[in-house]
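# Coordinate inspection notes
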Amino acid sequence: MFYKKLSLIVAVLGIAALTGCGWVKSPNSMYAQAKKVHGDCTVVSKSKTSDRSEVVLHDTLQDFNYEVVSSMNDINIDGSSFGSLPGTTDHFGSRLREKVISDTEKSIKEICESYGITYEFCKHESISLFLSIYPSNEETAQKAAVECAKVIQSENAAQRLDGLEICAYKSDRDVFGSVKLPNIIWRTKEDEKVEYYTKMAHMQTDPNAVFVRSEKGIFADTGASLDGVINALGSDIPTDASSPVTFYYFKASDGKEYYLCDFNYYDERGNIAWYTNYVK
């Protein structure tokens, strides 16, 4: 344990020595990068010291300000300081959310009040959830979610909001369903699962696989061993031969059909993966 910690400290010190305070980015370089990534913008203000620089930019397309900051971040291990490393924080995503919330909240409030439901915006740019609504039944959930999505989609300039979700929750935090921008289409809980496992199939098996259908079965139908099951899904993992399992069937690029199951398993290389009968 001591030698592992010593190796980590030596590695960190080496990186810190190579970087140094001269690696703080200049406001001009951050402006150029932000313009390249986010679109046309103008400089509102900029500042720079030996260990921190910041540029405040004004987004031309949607009329809001955001900050980009480059600074040296302290390295602390077991209470000891080992210098600092450079890092850049771009606040574009969170400021865009704040702008869209400001522009749409009045309409969202009116929609939700008309259905007698509550709502909550999510300002955290690291997750896809943008708006949560809390209806009492699925019919209301679908109507309200679609109406709210139309309002938010109207602010989706340059497809910047693509992938954000308007989710309708039950009182127990389970979901009725959702709408995912830019499509104004209601997705049931099962639709969401199909989308998720399709992504998993593309990542794990065939990137061009096409979803065909899903079927309910039991663990015994898979022919797998319980010893290979990974406890990665909490209480949803199979525990015996009669445990329920969902089979998601796909058509591979070669036209052959295969399935992906909704539990994790050690693959032939010892890696954790969704159980499948896919063969290359």
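Residues numbered from 1 in each chain as written. Predicted model: local features only at pLDDT ≥ 70, side-chain atom pairs only at ≥ 80, totals over all residues. Heavy atoms only, no water.

### Describing the layout of surface pockets
- There is about 590 Å³ of room inside the largest pocket.
- In terms of lining, the largest pocket is formed by 22 residues, of which the most central are Lys193, Tyr196, Tyr197, Tyr248 and Asp262.
- Elements represented by at least two residues in the lining of the largest pocket include exactly α5 (189-204), β11 (244-251) and β12 (257-266).
- No other element matches α5, which puts seven residues into the lining of the largest pocket. (1 Å grid on protein atoms, 1.4 Å probe; cavity = no way out; pocket = protein on both sides within 12 Å on 5 of 7 lines; lining within 4 Å. Points joined across faces, edges and corners; volume = space filled by probe spheres on them. Helix = DSSP H or I, 4+ residues; strand = E, 2+ residues; numbered from the N terminus.)

### Structural notes on the pairing of strand β13 (residues 272-276)
- Inspection of the sheet shows β12 paired to β13 by four bridges, in the antiparallel sense. Each residue of the ladder has a partner; that of Tyr265, found in β13, is Ala273.
- Taking the residues that link successive antiparallel strands as the turn, the β12-β13 hairpin has five residues, and the phi of Gly270 there is positive, at about 85°. (Pairing = 2+ DSSP bridges.)

### Quick word on the packing of aromatic side chains
- Using the criterion set out here, one finds 20 aromatic pairs in the structure.
- Where Phe121 meets Phe130, the ring centres are 5.6 Å apart and the plane angle is 70°; that geometry is what we call edge-to-face. Across the pair, exposure class does not vary: Phe121 and Phe130 are buried alike.
- Taken together, the ring pairs in this structure connect Tyr196, Tyr197, Tyr248 and Trp274 into an aromatic cluster. (Phe/Tyr/Trp six-rings, centres within 6.5 Å; stacked < 30°, edge-to-face > 60°. Buried < 20%, exposed > 50% of the residue type's maximum accessible area, 1.4 Å probe, protein only.)

### Here we look at the confidence of the model for the chain
- For the chain, the mean per-residue pLDDT works out to 88, and 87% of the residues sit at or above 70.
- In this model residues 1-21 is a low-confidence stretch, pLDDT under 50, and it forms 20 contacts with partners more than four residues away in sequence or in other chains. (pLDDT = per-residue confidence, 0-100. Contact = heavy atoms within 4.5 Å.)

### A closer look at the nonpolar core
- Residues Leu131 and Ile152 are the most contacted members of the largest nonpolar core, which totals 36 residues.
- The set of elements that each furnish at least two residues to this core consists of α2 (27-38), β2 (52-59), β3 (64-77), α3 (92-115), β6 (129-134), α4 (138-153), β7 (165-169) and β8 (175-180).
- When residues of this core are assigned to their parent elements, the largest contribution, eight residues, is made by α4.
- Apart from residues no more than four positions distant in its own chain, Ile152 is found in contact with Val100, Thr104, Ile108, Phe130, Leu131, Leu161, Ile166 and Leu181.
- Formed by 12 residues, the second largest nonpolar core is a distinct cluster that contains Val229, Val245, Tyr265 and Tyr275. (Core = buried A, V, L, I, M, F, W, Y, C linked by side-chain atoms within 4.5 Å.)

### Here we look at the sheet that holds β12
- Taken together, four strands build an open sheet; the order of strands is β10-β11-β12-β13 and the sheet is antiparallel. The open sheet has two edge strands, β10 (210-218) and β13, and neither has a second partner. Pairwise comparison of adjacent strand axes, ignoring direction, gives a mean angle of 35° for this sheet. (Axes fitted to C-alpha atoms, helices over the stretch in contact; angles between N-to-C directions.)

### Regarding unusual backbone geometry
- Residue Pro182 is reached from Leu181 by a cis peptide bond, and omega for that bond is 10°.
- Within the secondary structure, Pro182 is located in the loop between β8 and β9 (186-188).
- Despite not being glycine, Asp63 has its phi angle at roughly 60°, a positive value.
- Here Asp63 lies in the loop between β2 and β3.
- Its identity as a non-glycine residue notwithstanding, Gln159 has a phi of 60°, on the positive side.
- Following the sequence through the fold, Gln159 ends up in the loop between α4 and β7.
- For Gln159, a relative accessible area of 43% puts it in the partly exposed group.

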